[in-house]
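Each chain, written out:
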Amino acid sequence: MDFSKLKEKLSLKPAIDYHTLQMKEQIIEDLLEKGRNVFLTGGAGVGKTYITNLICSDPRVTAVRLASTGVAAHLIKGMTVHRFFRFGLSNNLEQLKAWDLKSVRDFALNCNLSEDRARDLIHRKIEYNLRASNMLVIDEVSMLSKSLIDMIFFRLNSLEIHIPILFVGDFYQLPPVSKNVKPEFAFESSSWNVRLYELTDIKRTSFKDFADIQSKVRKGIKTQEVLDYVDRLSHNPYKEDSLHLFATNAEIDSYNIEKLKALPGNVMRSTFRYNQSLYKEKDVLKFIDEDLLINPNFYFKVGARVLFVTNERDPYDDVMLWFNGEQGTITGLDSNNGVIIVKKDNDKEVMVHRHRFQKVEIKDAKINVVCEVEQFPLRLAYAISIHKSQGLSLESGHIDCSRFFLPEQFFVALSRFTDPNKLSIANFRSSLIKFNPESDQYYADNPSCFNPDYKLDKYVKSQYNIPYLPESEKDDQDSSTFGVKSVLDSISDNLEDDTPPWEEPEPKMDMTIEEYEELYKEDHDIPF
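Remember, it's a predicted structure, so these values are computed and weren't measured experimentally.

*Asks:* I would appreciate a short explanation of the overall build of the protein chain in the present structure.
*Replies:* Along the protein chain, the regular secondary structure elements total 18 helices and 22 strands. Within the protein chain, contacts between residues separated by at least 24 positions form 74% of all contacts whose residues are at least 6 apart in sequence. Entry remark: accessible area of the protein chain is about 25,400 Å², with carbon and sulfur atoms responsible for 48%.

Structural data, given as structure tokens:
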């Protein structure tokens with residue numbers, strides 16, 4: 001039987017869980033109809049990115065998408081908060097006011113304008129893009145400080161713009177970066193006034209006991225049950241070639257180099273490419289360093305373990321070729337076609353071409369490419385940092401806790417993994433599971449606003465395949481969409497699973513090009 005036509009027919013209306021659709025509609029109603037700000041939260045792997053994408057793809061929504069970090073902004077095809085709002089080097093409201101004053105005066109002097117006219121021109125792009133949209137989305141809000149939230153609302157108020165904001169993140173994960181002072185969370189800002197919606201079901205792993213332990217570690221619940229479970233993970237078999245999660249760059253670089261040198265054959269190099277007539281090399285290197293998970297020069301050998309850093313679909317049949325966080329082994333090169341051949345850990349072999357990474361800018365309410373670079377979407381998979389791992393879904397690996405310096409790091413590392421039987425842990429100490437009183441109190445004082453009895457509009461239901469409906473809703477369900485679950489169940493063994501992973505990635509910290517060149521003076525360029 002040919003299932004391709006049936007799959008195509010079913011895919012005309014995307015399948016969605018009933019309660020997920022309920023939450024999406026309630027959030028859109030709060031944002032667009034009631035003009036409220038919303039905070040979508042939940043632990044790692046619960047589907048925050050999935051629902052955010054559903055909201056932003058809704059035809060009623062025109063959103064400006066921002067994120068706290070360059071990597072997160074790149075993955076959502078948006079901009080960083082700092083860049084969009086023209087914060088420059090400012091980190092608090094006092095610095096921003098001084099920065100604005102200097103920028104306006106310099107611009108006015110250079111262009112022979114009044115300061116009022118100069119101020120209008122400097123901020124015109126921000127104002128135009130926001131007035132052309134009906135929603136602002138800010139991802140990875142846990143890494144934005146109280147001061148940055150103050151700066152965002154100062155900018156909006158100074159432009160007399162009132163736009164609802166969808167904040168996305170988890171205050172139990174990595175906190176705002178602060179030097180020698182206690183971090184101040186976004187929710188401590190006097191401007192933070194949101195409706196909270198919390199996702200609780202972990203979708204990253206199918207092991208219920210593992211998901212329960214992850215939830216307890218997230219909240220710093222340190223019972224004997226939790227400690228015994230982590231201890232069992234510490235006694236799982238250690239695999240030297242599995243992906244190691246470390247806290248520091250020194251550990252990561254040392255381990256990756258050691259493993260690569262141990263392989264037979266010459267080290268090969270793929271050099272980044274860019275259009276030299278359009279972009280400056282320093283700008284391209286800055287883009288790679290700040291926004292991407294790749295290296296400017298990718299060093300590897302046949303037999304090296306690699307990690308995919310993008311999601312890629314087959315353009316012909318729309319199935320996933322690989323996803324962000326998937327691992328494999330390089331088995332060969334095809335110089336004629338310019339590809340690296342990788343055998344994934346599920347035994348499927350894929351041909352990996354260079355990927356075109358683009359940095360975008362929102363201008364005149366449109367997305368414009370301001371920088372572009374081509375490189376293979378791969379990095380060595382022997383070691384990676386906790387920050388880089390945030391947002392990845394990993395089936396197997398090893399966590400080395402010896403140099404962990406933040407309690408949130410252990411939760412972020414643990415919640416990357418889907419199979420506890422393929423995870424080993426070393427140098428764990430119970431102090432890494434720590435109660436976060438500020439975040440805990442915030443969530444205790446702000447329960448989720450999700451209403452499970454929310455009645456869905458008949459038109460909204462008709463746009464999706466909803467596998468299961470409550471009895472009270474079945475009468476309104478379009479007959480053409482009801483019962484899809486049973487059909488899919490009967491053919492599930494014959495269809496590819498092309499569901500993308502949940503992803504919430506984090507900043508990049510790599511060796512410099514000079515350090516790589518020093519390490520590999522005798523490397524060999526690959527011929528493409």
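Text resumes after the structure shown.
*Asks:* Help me understand the packing of aromatic side chains in this model?
*Replies:* Geometry of an aromatic ring pair is reported as the spacing of the ring centres plus the angle between the planes. One pass over the structure, following the stated rule, counts 20 aromatic pairs. Seen from their ring centres, F210 and Y229 are 6.2 Å apart, and the 15° between their planes marks the pair as stacked. Of this pair, F210 sits in helix 9 (residues 208–218) while Y229 sits in helix 10 (residues 224–234), placing them 19 residues apart in sequence. Of the two residues, F210 and Y229, both sit in the buried class.

*Asks:* For this particular structure, what's the right way to read the side chain of K24?
*Replies:* Relative to the helices and strands, K24 resides in helix 2 (residues 18–33). Every residue in contact with K24, bar those within four places of it in the chain, is listed here: L54, I55, D58, R60 and Y464.

*Asks:* Even after reading the chapter, I still don't get the pattern of salt bridges, so can you show me in this structure?
*Replies:* Where charged atoms from two side chains of opposite charge approach closely, those side chains can pair. Within the structure shown, the criterion is met by 24 salt bridges. One salt bridge in this structure joins K259 and D241, with 3.0 Å as the shortest N-O distance. Taken as a pair, K259 in helix 11 (residues 249–262) and D241 in the loop between helix 10 and strand 7 (244–246) lie far apart in primary sequence, 18 residues in all. When the shortest N-O distance is used, the salt bridge between K422 and E395 registers 2.6 Å. With K422 in the loop between helix 14 (407–414) and strand 21 (423–426) and E395 in the loop between helix 13 (386–389) and strand 20 (397–400), this pair connects stretches of sequence that are 27 residues apart. On the basis of relative accessible area, K422 is assigned to the partly exposed category, the value being 41%.

*Asks:* Mind showing me how you'd approach the sheet that holds strand 7 here?
*Replies:* Pairing between the strands of a sheet comes from backbone hydrogen bonds, and it takes one of two forms, parallel or antiparallel. The four strands lie next to each other as 19-7-20-21, forming an open sheet whose pairing is parallel. Looking at strand neighbours, the two that pair on one side only are strand 19 (383–385) and strand 21, the edges of this open sheet. Across the sheet, the mean angle from the axis of one strand to that of its neighbour is 25°, orientation sign disregarded. In terms of strand pairing, strand 7 meets strand 19 through three bridges, oriented parallel. Within strand 19, the residue paired with L245 across the bridge is I384.

*Asks:* Would you mind showing me how to read the nonpolar core here?
*Replies:* Within the largest apolar cluster, 36 residues are counted, with the highest numbers of intra-cluster contacts made by F39, F85, L130, F167, F171 and W192. Only strand 2 (63–67), helix 5 (81–84), helix 7 (115–131), strand 4 (135–139), helix 8 (146–158), strand 5 (165–168) and helix 15 (437–445) provide two or more residues apiece to this core. For this core, the leading source of residues is helix 8, giving six residues. The residues contacting F171, other than those within four sequence positions of it, are F39, V141, S142, F185, A186, F187, W192, N436, S439, Y442 and Y443.

*Asks:* Any chance you could explain the layout of surface pockets here in plain terms?
*Replies:* In this structure, the second largest pocket encloses a volume near 490 Å³. Forming the boundary of the second largest pocket are 26 residues, of which P175, P183, L406, P407 and E408 lie nearest the centre. Broken down by secondary-structure element, the contributors of at least two residues to the lining of the second largest pocket are helix 9, helix 14 and helix 15. Counting residues per element, the lining of the second largest pocket draws most heavily on helix 14, which supplies three residues. Its residues placed into classes, the lining of the second largest pocket shows 16 nonpolar, four polar and six charged.

*Asks:* What should I look at first to understand helix 9 in this one?
*Replies:* Restricting attention to buried positions, one finds in helix 9 the residues F210, A211, I213, Q214, V217 and R218. One side of helix 9 holds all its buried residues, which, seen down the axis, span an arc of 160°. Where helix 9 is buried, its residues contact strand 1 (38–42), strand 6 (195–199), helix 10, helix 14, strand 21 and helix 15. Following helix 9 by one or two positions, G220 has its phi on the positive side, about 75°.

*Asks:* Any chance you could explain the pairing of strand 20 here in plain terms?
*Replies:* The side chains of a regular strand alternate, first on one face of the sheet and then on the other. Because side chains alternate across strand 20, one face comprises the buried residues G397 and I399, and the other comprises H398 and D400, equally buried. In terms of strand pairing, strand 7 meets strand 20 through two bridges, oriented parallel. Each bridged residue has a counterpart across the sheet, and for L245 the counterpart in strand 20 is I399. Two strands pair when backbone bridges link them, and strand 20 and strand 21 are joined in this way by four bridges, in the parallel orientation. Within strand 21, the residue paired with G397 across the bridge is L423. Running through helix 14, the crossover from strand 20 to the neighbouring parallel element strand 21 is right-handed.

*Asks:* Looking at this structure, how should I read the packing of helix 6 (residues 93–111) against helix 7?
*Replies:* The angle between the axes and the distance between the axes are what describe a pair of packed helices. It is at 8 Å that the axes of helix 6 and helix 7 come closest, and there the two elements cross at 110°. Comparing the axis directions of helix 6 and helix 7 gives the class roughly perpendicular. On the side of helix 6, the interface is formed by D100, S103, V104, R105, F107 and A108, while helix 7 contributes E115, A118, R119, L121, I122 and H123. By residue class, the composition of the contact of helix 6 with helix 7 is six nonpolar, two polar and four charged.

*Asks:* Can you walk me through the sheet that holds strand 6 in this structure?
*Replies:* Taken in spatial order, the six strands make up an open sheet running 3-2-4-5-1-6, and their pairing is parallel. Looking at strand neighbours, the two that pair on one side only are strand 3 (79–80) and strand 6, the edges of this open sheet. Sheet analysis places strand 2 next to strand 4, joined by five bridges and oriented parallel. What sits directly across from R65, in strand 4, is V137. Against the sheet, helix 2 engages strand 1, strand 4, strand 5 and strand 6, with an angle of about 165° to strand 6. Strands strand 1, strand 2, strand 4, strand 5 and strand 6 of the sheet are contacted by helix 3 (residues 48–57), whose axis makes an angle of about 150° with strand 1.

Conventions adopted
- Residues numbered from 1 in each chain as written.
- Predicted model: local features only at pLDDT ≥ 70, side-chain atom pairs only at ≥ 80, totals over all residues.
- Heavy atoms only, no water.
- Helix = DSSP H or I, 4+ residues; strand = E, 2+ residues; numbered from the N terminus.
- Contact = heavy atoms within 4.5 Å.
- Areas by Shrake-Rupley, 256 points an atom, 1.4 Å probe, with all protein chains shown as cover.
- Phe/Tyr/Trp six-rings, centres within 6.5 Å; stacked < 30°, edge-to-face > 60°.
- Buried < 20%, exposed > 50% of the residue type's maximum accessible area, 1.4 Å probe, protein only.
- Salt bridge = Lys/Arg side-chain N within 4 Å of Asp/Glu carboxyl O.
- Pairing = 2+ DSSP bridges.
- Axes fitted to C-alpha atoms, helices over the stretch in contact; angles between N-to-C directions.
- Core = buried A, V, L, I, M, F, W, Y, C linked by side-chain atoms within 4.5 Å.
- 1 Å grid on protein atoms, 1.4 Å probe; cavity = no way out; pocket = protein on both sides within 12 Å on 5 of 7 lines; lining within 4 Å.
- Points joined across faces, edges and corners; volume = space filled by probe spheres on them.
- Nonpolar A, V, L, I, M, F, W, Y, C, P; charged D, E, K, R; others polar.
- Arc of directions from axis to C-beta.
- Right-handed = clockwise from strand over helix to strand, strands pointing away.
- Parallel < 35°, antiparallel > 145°, perpendicular 65-115°, else oblique.

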